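# Breakdown of the fold
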Protein chains: 2
Amino acid sequence: MTDQWARSGLDLHLDLDRAHGLRTGLERALREAIRSGQLAPGQALPSSRVLARQLGIARGTVTQVYEQLTAEGHLTSRPRSGVRVAPRPRPSSAPALTPAAPFRTPAGGFDLRPGLPDLSMFPRRQWLAATRDVLKEIPDTAFAYGDPTGHATLRTTLAEYLGRSRGVVTTPEHIVVCAGYTHALRLISQALDGTIAFEDPTLQDYPALAERVGREVTRIPVDDDGLIAAALTGEAAAVLTPAHQFPLGVTLAPARRRELLDWARRTGAVVVEDDYDGEFRYDRQPVGALQGLAPEQVVYTGTVSKTIAPALRIAWIAAPTRLVPALRAALAYDEAYVNVIDQLILARLIGRGDLDRHLRRCRGRYRARRDHLGRAVTARLPGARLTGIAAGLHAVLHVPGATEAGLLDRLTRRGVVVDGLSRFYAEPRAAPPGVVIGYATPPQHAYAGAVNELLAALA
Amino acid sequence: MTDQWARSGLDLHLDLDRAHGLRTGLERALREAIRSGQLAPGQALPSSRVLARQLGIARGTVTQVYEQLTAEGHLTSRPRSGVRVAPRPRPSSAPALTPAAPFRTPAGGFDLRPGLPDLSMFPRRQWLAATRDVLKEIPDTAFAYGDPTGHATLRTTLAEYLGRSRGVVTTPEHIVVCAGYTHALRLISQALDGTIAFEDPTLQDYPALAERVGREVTRIPVDDDGLIAAALTGEAAAVLTPAHQFPLGVTLAPARRRELLDWARRTGAVVVEDDYDGEFRYDRQPVGALQGLAPEQVVYTGTVSKTIAPALRIAWIAAPTRLVPALRAALAYDEAYVNVIDQLILARLIGRGDLDRHLRRCRGRYRARRDHLGRAVTARLPGARLTGIAAGLHAVLHVPGATEAGLLDRLTRRGVVVDGLSRFYAEPRAAPPGVVIGYATPPQHAYAGAVNELLAALA
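What you see is a predicted model, and the numbers here were worked out from it, not measured in a lab.

On to the sheet that holds strand S11 (residues 298-303) of chain A, then. Residues and elements named next belong to chain A. Read across the open sheet, the eight strands follow the order S5-S12-S11-S10-S9-S6-S7-S8; overall the sheet is mixed. Whereas interior strands pair on both sides, the edge strands pair on one side only; in this sheet they are strand S5 (175-178) and strand S8 (226-227). Both strand S6 (residues 196-200) and strand S7 (residues 217-223) contribute to a ladder of five bridges, which runs parallel. If you follow Glu199 over to S7, its bridge partner there is Ile220.

Structure representation (structure tokens):
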């Protein structure tokens, strides 16, 4: 049952629902009229006496409603101007969004920056099929707050998968599921006491992140054999990319692996193995994870960002036993970060071989792209050198006699985007001239064109 | 083309794949035999001379392979014992997992602890349908690293939805998508300078979290009108649950709303509005969010944990303009935490009305449960009082003449799990006697039985 309330000069119709009582009905009708803008800010309302008479209700009811809405801030009441709709608060305009790190988002057909897989290969069909199965089978209780270290099913699947594919020696209890490598590195940095060594060159964000959580940071140079382990001293940890150094692309040489693990054993430090693209090795069997040689000295980290897509925000840590309590403390006890449905989807993709099949397809495509790039450089840029090509999704192009600034300038003018090496060095002026080419970034149809433009610009 | 290599006393067959050269083939075969356990740790290998003769290959090749595998840590080489398979590293066993916060995970049919919705209502069909649509429409580029503040589509949808449903005044640029309220509170705590006030009682995890990121914390008492705003002094922020105080269930009274916002305006502090269950109000129109009255003084936070499920790990902040830069700094520039697919699924559920329909279903069910509980208490526990029932998913039961310990003891003996009030107080002994009853927690079929057991235990 509703009444129509109209007031001349206001042209307002209020639906007054009496089902929950007059007072509630009027309160609701006025609130809705204010919210919807039917009653504009500053608009005067009839006096309680007038409105009560118009509606045929007690004046006290109207007064109570005006008081309630005034208390809520919807109305203002001043001695001279009577009851009015309150000015509508507006937030001032927010500062423009800082764009996401530009090297991480594809910019178009000539984008050859490293850090992204070919996103057109995202396994949409398999993801949907796994979602269907998970939603069919997941018990209701799994929709509660989950285990902060990750769902037991995913941790069990990962322990098995990492052992099989990367030689990682671990158990489900040593694994922590994270919302991306950045999250993993933050947790590890918080779990460690003391200085953390990073490679030089590396992604600058990572030492910066460790500093943000209060850690001292050192930078250790990298040569053709990978991290110069002899330069490590009293650090509590060394973070590195042994399988395919980022960005140089070299593999940590066997002697260096030994040196590094000796250092860790001798000093009690841990090695943080960032195995960001360890699944992609083209010319011989993958080098197993360093962690497999010394599970109590190495914190292994992996991610789906290069194998499936960064947008999924899933990574993992396989930690030495002694670091597990500190990692759990850093997580805090209810700070689960990854949607349980997504965790179970990933477990299913791994468990039924979808991930392995996807990786084989990706490997084939990336190997072909790498070979194409290599042939094109040989044919069109005599004297140039492509390094770091044994694995991963990027290579470094060295062009003798050129400066990095000169190379980037020529590329920019043709609309080709790559990263100069110098941005990854603690001291950019000390960087060797060269550019980093992410050959997985463009969609397949744009790849040959992008390489063509790259070489046309540099030839 | 493969060879079979057998050695008496070792009973080992190696498939020697010559396709990539003898050296690579032998390396691969040995590595695989070690990894698979065919060659056990400690096992002696033939000398390079013997093996070379057996395989009909150059001794130098075998020596190189042994050296490589020794460098990798798969073999050991000692003067007297010759070449052996290296001991297989094993991680020591990890400490038992600390269970997730026990009050957050349903324990069975008689679990009446607060903090969870009825998980059997999870909209599986709608989630799957939205997944299908999102995977059909999402451009490949969206699979890259996403906007750390959240996907623009979800932020736009949330700004509109929060305005419509909760009276929140905001824009997509003021919104930050988080991986749950804990994540939101961490970011807010990091973005603030100074002391943070929390309600007393409250979930103890929240002030503990603020302390973990280095903030001082005060506790402000709550009475029947909600937070006693007059007790606030020089804090930089006050975190509270205005719509339905947790755990007491009271609503912040209009006079207190004014006092609180006056305090914020006068001192430059911010109010953090934890609107964890603001969607559930049963007896009259929802009280609008405090934020709508003072968008530049209030940091609004909401979550899907009570409306859909905690396992999804999605929450949001609608921040005052002046806090946006500090929040973005706390996020760090690439620390996106929520799967972009999930963000788009949620945007779609909101956009096509699925969430509203789901909320109506939930409201109906929870209102009926609350009414059932109220009737049962009146009928079977004369003198007892149920408070905080106007909204949300929990109520407080006061039983005159009883102690909390006594109540919990009687309940435990019948297998009924609830939370005592005292666990939420800074000084547990100062808590009034009472238990918190989460009437949304049990699945529907178990609810009446759980209430029956509850009252049988207390009668």
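Structure's up, so let's keep going.
Turning next to the nonpolar core. Core analysis: the largest hydrophobic core is formed by 152 residues, its most contacted members being Leu397(A), Leu454(A), Leu397(B) and Leu454(B). Grouped together as the second largest cluster of nonpolar side chains are 39 residues, Ala191(A), Ala210(A), Ala330(A) and Val436(A) included.

For the rest of this paragraph, the subject is a positive patch on the surface. A cluster of basic side chains, namely Arg132(A), Lys136(A), Arg132(B) and Lys136(B), defines a positive patch on the protein surface. Looking at the positive patch, the elements that each hand over two or more residues are helix H4 (124-137) of chain A together with helix H4 (124-137) of chain B. Taking the relative accessible area as the measure of exposure, Arg132(B) reaches 32% and is therefore partly exposed.

Attention now goes to the pairing of S5(A). Residues and elements named next belong to chain A. Both faces of S5 are covered, namely the face carrying Ile175 and Val177 and the face carrying Val176 and Cys178. With four bridges joining them, S5 and strand S12 (residues 315-318) adopt antiparallel strand pairing. Within S12, the residue paired with Cys178 across the bridge is Ala315.

The next point concerns the state of the cysteines. Simply put, disulfide is the name for a covalent bond between the sulfur atoms of two cysteines. What the rule picks out here adds up to zero disulfides over all chains. Here Cys178(B) is not cross-linked by a disulfide; its sulfur's nearest cysteine counterpart is in Cys178(A), at 18 Å. Cys178(B) sits in the buried class, given a relative accessible area of 0%.

A word on unusual backbone geometry. All names here are of chain B. Cis geometry marks the peptide bond from Asp200 to Pro201, where omega comes out at 10°. Mapped onto the secondary structure, Pro201 falls in the loop between strand S6 (196-200) and helix H7 (205-212). The amide bond that connects Phe246 to the next residue, Pro247, takes the cis arrangement and shows omega of 10°. In this fold, Pro247 is placed in the loop between strand S9 (237-240) and helix H8 (254-267).

Let us look at the packing of helix H6 (residues 181-191) of chain B against H7(B). Residues and elements named next belong to chain B. At their nearest, the axes of H6 and H7 sit 9 Å apart, and the two run at 40° to each other. Looking at the two axes, H6 sits oblique to H7. In this structure, H6 meets H7 at a crossing whose hand is right-handed. Residues Tyr181, Thr182, Leu185, Arg186 and Ser189 of H6 pack against Tyr206, Leu209 and Ala210 of H7. Of the residues contributing to the contact of H6 with H7, the split by class is five nonpolar, two polar and one charged.

Right, let's talk about the sheet that holds strand S13 (residues 385-387) of chain A for a bit. Residue and element names in this part refer to chain A. The strand order S13-S14-S16-S15 describes an open sheet built from four strands, whose pairing is antiparallel. Only two strands of the sheet have a single neighbouring strand rather than two, namely S13 and strand S15 (419-420). For strand S14 (residues 394-398) and strand S16 (residues 435-438), the ladder comprises four bridges, and the chain directions are antiparallel. In the strand pairing of S16, Val396 is matched with Val436.

What follows concerns the pattern of salt bridges. With the rule as written, the count across this model stands at 48 salt bridges over all chains. Here Arg352(A) and Asp354(A) are joined by a salt bridge, their closest N and O atoms 3.2 Å apart. The class of Arg352(A) is partly exposed, set by a relative accessible area of 34%. For Arg413(B), the salt bridge identified is with Asp409(B), shortest N-O distance 3.0 Å. Taken together, the positions of Arg413(B) and Asp409(B), both in helix H12 (residues 404-413) and four residues apart, correspond to about one turn of that helix. Look at Arg413(B) and you get exposed, because its relative accessible area is 63%. A residue is classified by how much of its surface remains accessible, and Asp409(B), at 41% relative accessible area, is partly exposed. The network of salt bridges with shared partners includes Asp133(A), Glu137(A), Arg348(A), Arg352(A), Asp354(A) and Arg357(A).

All names here are of chain A. Taken residue by residue, helix H7 (residues 205-212) has Asp205, Tyr206, Pro207, Leu209 and Ala210 as its buried positions. Lining the buried residues of H7 we find helix H6 (181-191), S6, S7 and strand S10 (270-274). Residue Gly214 follows H7 closely and has a positive phi angle near 95°.

Note on aromatic pairs: each is described by the distance of the centres and the angle between the planes. Summed over the entire model, instances satisfying the criterion amount to 13 aromatic pairs over all chains. Among the aromatic residues, ring-to-ring pairing joins Phe122(A), Trp127(A) and Phe143(B) into one connected group. Here Arg423(A) stacks its cationic end above the ring of Phe424(A), 6.0 Å away from the centre of that ring.

Before going further, it helps to spend a moment on the packing of H4(A) against H4(B). Orientation of H4(A) relative to H4(B), taken along the N-to-C sense of each, is 175°, at an axis distance of 10 Å. Considering the angle they form, H4(A) stands roughly antiparallel to H4(B). In this structure, H4(A) uses Arg124(A), Trp127(A), Leu128(A), Thr131(A), Arg132(A), Leu135(A) and Lys136(A) to contact H4(B), whose residues at the interface are Arg124(B), Trp127(B), Leu128(B), Thr131(B), Arg132(B), Leu135(B) and Lys136(B). By residue class, the composition of the contact of H4(A) with H4(B) is six nonpolar, two polar and six charged.

Residue and element names in this part refer to chain A. Positionally, Gln126 belongs in helix H4. Spatially, the C-alpha atom of Gln126 lies 9.3 Å from that of Leu355, the residues being 229 residues apart in sequence. Dropping the residues within four chain positions of it, Gln126 is found in contact with Leu349, Arg352, Asp354 and Arg361.

Right, let's talk about H12(B) for a bit. Residues and elements named next belong to chain B. Taken together, the buried positions of H12 are Glu404, Leu407 and Leu411. Considered in projection along H12, the buried side chains sweep an arc of 65° and stay on one side of the axis. Along H12, exposed side chains directed more than 90 degrees from the buried face belong to Ala405, Thr412 and Arg413. Remark: Gly415 follows H12 within two positions and exhibits a positive phi of approximately 80°.

Residues and elements named next belong to chain A. For chain A, the domain assignment lists domain 1 (1-92), domain 2 (110-117 + 359-458) and domain 3 (122-356). Taking only C-alpha atoms into account, the centre of domain 2 sits 26 Å from that of domain 3. Listed as interface residues are 28 residues of domain 2 and, on the opposing side, 28 residues of domain 3. Summing both partners gives a buried area of about 2400 Å² for domain 2 against domain 3, and 59% of it is carried by carbon and sulfur. Ranking the residues of domain 2 by area buried against domain 3 places Leu359, His394 and Phe424 at the top, with a combined share of 27%. Taken together, the links from domain 2 to domain 3 amount to zero salt bridges. If one sorts the elements of the side of domain 2 that touches domain 3 by residue count, helix H11 (residues 354-380) sits on top with eight residues. Grouping the constituent residues of the side of domain 2 that touches domain 3 by class yields 17 nonpolar, five polar and six charged.

Parameters at a glance
Residues numbered from 1 in each chain as written. Chains lettered and ligands numbered in written order. Predicted model: local features only at pLDDT ≥ 70, side-chain atom pairs only at ≥ 80, totals over all residues. Heavy atoms only, no water. Pairing = 2+ DSSP bridges. Helix = DSSP H or I, 4+ residues; strand = E, 2+ residues; numbered from the N terminus. Core = buried A, V, L, I, M, F, W, Y, C linked by side-chain atoms within 4.5 Å. Buried < 20%, exposed > 50% of the residue type's maximum accessible area, 1.4 Å probe, protein only. Patch = residues over 30% accessible without salt bridge, like charges linked within 9 Å, V, L, I, M, F, W, Y side chains within 5 Å. Areas by Shrake-Rupley, 256 points an atom, 1.4 Å probe, with all protein chains shown as cover. Salt bridge = Lys/Arg side-chain N within 4 Å of Asp/Glu carboxyl O. Lys, Arg positive; Asp, Glu negative; His and termini not counted. Charge placed at Lys NZ, Arg CZ, Asp CG, Glu CD. Disulfide = S-S within 2.5 Å. Axes fitted to C-alpha atoms, helices over the stretch in contact; angles between N-to-C directions. Parallel < 35°, antiparallel > 145°, perpendicular 65-115°, else oblique. Left-handed = near helix turned anticlockwise from the far one by under 90°. Contact = heavy atoms within 4.5 Å. Nonpolar A, V, L, I, M, F, W, Y, C, P; charged D, E, K, R; others polar. Phe/Tyr/Trp six-rings, centres within 6.5 Å; stacked < 30°, edge-to-face > 60°. Lys NZ or Arg CZ within 6 Å of the ring centre and 35° of its normal. Arc of directions from axis to C-beta. Domains from an automatic or database assignment. Buried area = accessible area lost by both parts, 1.4 Å probe.

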